[in-house]
Amino acid sequence: MMDTTSLRCLNYIDGQWVERSTSDESRNPADWREIIATFPSSDADDVDKAVAAARRAYQTWRVFPAPVRAELVHRVGELLLQRKPELANLMSREMGKPLTEALGDVQEGVDCAFYYAGEGRRLFGQTTPSELNNKFAMTVRVPIGVCALITPWNFPIAIPCWKALPALVCGNTIILKPARDTSACATVLTEIFQEAGLPPGVVNLIHGSGEVVGRALLEHPDIDLVSFTGSSTTGAEVGATCGRTHKRVCLELGGKNAQIVMEDADLELALEGALWGAFGTTGQRCTATSRLLLHREIKAEFTTKLLEQTSKLRLGAGADAETQVGPLVNSSQLERVKNYLEVAGNEGAKVLIGGEVATGEQFQHGYFFLPTILDGVTPKMRIAREEIFGPVLALIEINSFEEAIAVLNDTPYGLSSSIYTRDVNRAFRAMRDLEAGITYINGPTIGAEVHLPFGGVKQTGNGHREAGSAALDVFTDWKTIYVDFSGRLQRAQIDNRQ
Ligand code: UN1
């Protein structure tokens with residue numbers, strides 16, 4: 001439970017908030033002097049306890065009627081809605097995103113709860129004719145078992161909800177391992193699960209590092225499924241370990257998303273889209289626009305306007321209502337972005353705006369990096385291929401529609417993509433030819449909705465999708481059932497083909 005004055009977060013195992021001696025802390029990225037929460041640095045023993053509790057609870061939870069499980073998930077949505085302002089505030093302080101975006105993050109959790117609550121009365125399977133007389137055939141969805149959900153800090157409520165809520169409606173029990181930077185948000189979410197009435201052991205929360213807690217979860221023989229959102233490098237390790245330990249694994253990894261602006265586009269609209277896509281959440285979204293592919297005919301004009309608008313963006317603490325771009329989440333993210341700026345310089349890209357840590361009194365205790373635009377970027381440069389996860393936008397000039405498609409596709413990733421054009425034929429060709437899990441026509445690369453599948457191709461994932469009804473395929477297995485009511489042995493493929 002969380003003590004509201006000291007924000008002391010605990011593990012939650014088998015319906016109990018568990019005291020633990022070693023502790024870690026999360027700090028405000030806009031002012032690192034402020035400790036937001038302390039939380040345990042848990043170890044493999046804590047994981048063992050949580051897995052045992054989740055395993056016990058699974059036996060009863062899996063046979064709860066799905067509509068009843070879904071009612072509890074609905075209640076989670078109601079409580080999230082009630083605590084939305086408080087949670088958004090905490091989120092802004094804990095990981096830095098502007099308050100309006102934090103409200104959106106919580107809302108995504110609410111939407112998700114209401115969507116999956118409805119799914120409790122569907123979870124449709126199929127019935128189909130048998131090839132034999134007096135025989136009935138159908139499929140039903142069955143839960144997987146105990147699921148480890150390893151979640152990032154950039155959407156501290158939305159992403160745990162994307163994973164936890166469908167998992168629960170489908171009849172699984174869960175162990176949530178949130179990113180250390182957002183332990184307080186995860187704790188409030190767990191309080192909400194408790195208050196909603198989820199039985200002990202159905203939801204467990206273990207704080208701690210990926211190296212210790214994450215690894216213990218991946219190696220644990222009694223975990224059936226791992227759902228992970230994070231970097232492609234870590235994702236590859238998660239996938240390899242789960243392969244070795246025979247777990248189902250759903251990976252939601254990096255992106256190097258591009259927005260194409262053709263010469264026939266509505267340029268004002270494309271400009272607004274690019275600003276939001278690149279600098280929303282300080283570029284710390286896996287869907288963020290990090291490449292802008294500008295047709296040569298409009299590049300100069302578009303770039304001028306883009307720089308003008310970028311220079312007006314208000315950088316500041318997320319909790320400040322005026323802020324449009326918040327800080328990066330922690331010092332290692334800041335280092336990462338600084339390093340990429342060095343790489344950009346070495347590769348011959350030119351900084352048009354930003355490119356450095358923000359200076360000024362209000363920024364001196366935070367991880368603030370100026371919104372940055374790089375020009376002269378070519379598709380083979382590292383800054384055009386690797387995920388930066390910061391407020392850095394690379395401009396790439398393109399000469400034709402065909403070139404735009406080829407350049408957009410020329411990365412190891414394939415999450416989100418966007419094209420601004422008024423030509424309907426180009427729009428449809430883009431929908432067909434862009435190698436990405438998500439394509440936006442005349443919209444930015446960010447802003448996926450919870451009732452549609454979310455995920456990507458190539459190194460962005462491993463073929464699974466989150467959200468929407470697609471998540472049900474992650475959190476259930478298909479069971480095929482044959483009912484023979486002939487009263488005699490019927491042999492398929494033989495008895496009806498004499
Ligand atoms: C992420 O960055 O991992 O589509 C998720 C979007 C958000 C989700 C982003 N709804 O930008």
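No experiment lies behind these values; they were computed from the predicted model shown.

What counts, and where the lines are drawn
- Residues numbered from 1 in each chain as written.
- Predicted model: local features only at pLDDT ≥ 70, side-chain atom pairs only at ≥ 80, totals over all residues.
- Heavy atoms only, no water.
- Helix = DSSP H or I, 4+ residues; strand = E, 2+ residues; numbered from the N terminus.
- Rg over C-alpha atoms; globule rule 2.2 N^0.38 Å.
- Buried < 20%, exposed > 50% of the residue type's maximum accessible area, 1.4 Å probe, protein only.
- Areas by Shrake-Rupley, 256 points an atom, 1.4 Å probe, with all protein chains shown as cover.
- Lys, Arg positive; Asp, Glu negative; His and termini not counted.
- Charge placed at Lys NZ, Arg CZ, Asp CG, Glu CD.
- Salt bridge = Lys/Arg side-chain N within 4 Å of Asp/Glu carboxyl O.
- Pairing = 2+ DSSP bridges.
- Axes fitted to C-alpha atoms, helices over the stretch in contact; angles between N-to-C directions.
- Contact = heavy atoms within 4.5 Å.
- Nonpolar A, V, L, I, M, F, W, Y, C, P; charged D, E, K, R; others polar.
- Near = heavy atom within 4 Å.
- Polar contact = N/O pair within 3.5 Å; in protein donor to acceptor, adjacent residues only side chain to side chain.

**Student:** For the overall build of the chain, give the residues involved together with the corresponding values.
**Tutor:** Check the secondary structure of the chain and you find 14 helices and 21 strands. Expected size for 498 residues packed as a compact globule is a radius of gyration near 23 Å; at 24 Å, the chain falls within 12% of this value. Taken along its principal axes, the extent of the C-alpha atoms in the chain is 80 × 65 × 40 Å. Evaluated residue by residue, the chain yields a buried proportion of 56% over its 498 residues. If you sum the accessible surface of the chain, you get close to 20100 Å²; carbon and sulfur atoms cover 51% of it. Here the chain holds 49 positive side-chain charges and 61 negative ones, and the gap between their average locations is 5 Å.

**Student:** Any details on the pattern of salt bridges? Residues and values, ideally.
**Tutor:** Applying the stated rule across the entire model yields 35 salt bridges. Note that Arg-248 and Asp-477 form a salt bridge whose closest N and O atoms lie 2.4 Å from each other. With Arg-248 in strand S11 (residues 248-252) and Asp-477 in strand S21 (residues 476-484), this residue pair connects regions lying 229 residues apart in the sequence. Under the relative-accessibility criterion, Arg-248 is labelled partly exposed at 23%. A salt bridge links Arg-426 to Glu-263; the nearest nitrogen and oxygen atoms lie 3.2 Å apart. Here the residue Arg-426 occupies a position in helix H13 (residues 424-433), and Glu-263 occupies one in the loop between strand S12 (257-261) and helix H9 (267-279), the gap between them amounting to 163 residues. The class of Glu-263 is partly exposed, set by a relative accessible area of 26%. Look at the salt bridges and you will find they share partners, linking Arg-215, Glu-219, Glu-237 and Arg-244 into a network.

**Student:** Tell me about the pairing of strand S4 (residues 31-40), and please be specific about residues and values.
**Tutor:** Sheet topology note: the strand S3 (residues 23-28)/S4 ladder contains 6 bridges and is antiparallel. Its bridge partner lying in S4, Ser-26 is registered against Ala-37. Count of turn residues in the S3/S4 antiparallel hairpin: 2 residues.

**Student:** An account of the packing of helix H7 (residues 210-219) against helix H8 (residues 232-244) is needed here, citing residue identities and associated values.
**Tutor:** Packing of H7 against H8 leaves a shortest axis separation of 9 Å and a crossing angle of 30°. Contact residues: Arg-215, Leu-218 and Glu-219 in H7; Glu-237, Val-238, Thr-241, Cys-242 and Arg-244 in H8. Taken together, the residues that form the contact of H7 with H8 break down as 3 nonpolar, 1 polar and 4 charged.

**Student:** So what's going on with the site of the ligand? Which residues, and what values?
**Tutor:** In the neighbourhood of the ligand, the contacting residues comprise Glu-108, Asn-154, Phe-155, Ile-159, Trp-162, Arg-285, Cys-286, Thr-287, Ile-446, Gly-447, Ala-448 and Phe-454. Residue Thr-287 places a side-chain N or O atom 2.7 Å away from an oxygen atom belonging to the ligand. Within the backbone of Gly-447, one N or O atom sits 3.1 Å away from an oxygen atom of the ligand. In isolation the ligand exposes 320 Å². Once the protein is present, 99% of that is buried. Its residues assigned to classes, the shell around the ligand comprises 7 nonpolar, 3 polar and 2 charged.

**Student:** How would you explain the environment of Phe-369 if you had to name every residue and give the values?
**Tutor:** The topology assignment puts Phe-369 in the loop between strand S14 (350-353) and strand S15 (372-375). Phe-369 gets classed as buried once you look at its relative accessible area, which sits at 1%. For the pair Phe-369 and Thr-359, spaced 10 residues apart in the sequence, the C-alpha separation amounts to 8.8 Å. Leaving out residues up to four positions away in the same chain, Phe-369 has contacts with Leu-315, Leu-328, Leu-334, Val-337, Lys-338, Leu-341, Gly-355, Glu-356, Val-357, Ala-358 and Pro-391.

**Student:** Help me get a handle on the sheet that holds strand S13 (residues 289-295), residues and values and all.
**Tutor:** Ordered by their spatial adjacency, 7 strands build an open sheet running S14-S15-S16-S13-S12-S18-S19, and the pairing between neighbours is mixed. Every other strand in the sheet has two partners, leaving S14 and strand S19 (438-441) as the edge strands with one partner each. Across the sheet, the mean angle from the axis of one strand to that of its neighbour is 25°, orientation sign disregarded. As defined by bridge partners, S12 adjoins strand S18 (residues 416-420) across 4 bridges and the pair is classed as parallel. Pairing of Gln-259 across the sheet is with Ser-418, part of S18. The strands touched by helix H10 (residues 296-312) within the sheet are S12, S13, S14, S15 and strand S16 (392-398), with S13 carrying the most contacts at an inclination of about 140°.

**Student:** Outline the side chain of Gln-490, listing residues and values.
**Tutor:** Of note, Gln-490 is situated in the segment after S21. Judged by relative accessible area, which is 10%, Gln-490 ranks as buried. With sequence-adjacent residues up to four places away left out, Gln-490 is seen in contact with Leu-132, Asn-133, Asn-134, Lys-135, Asp-484 and Asp-495.

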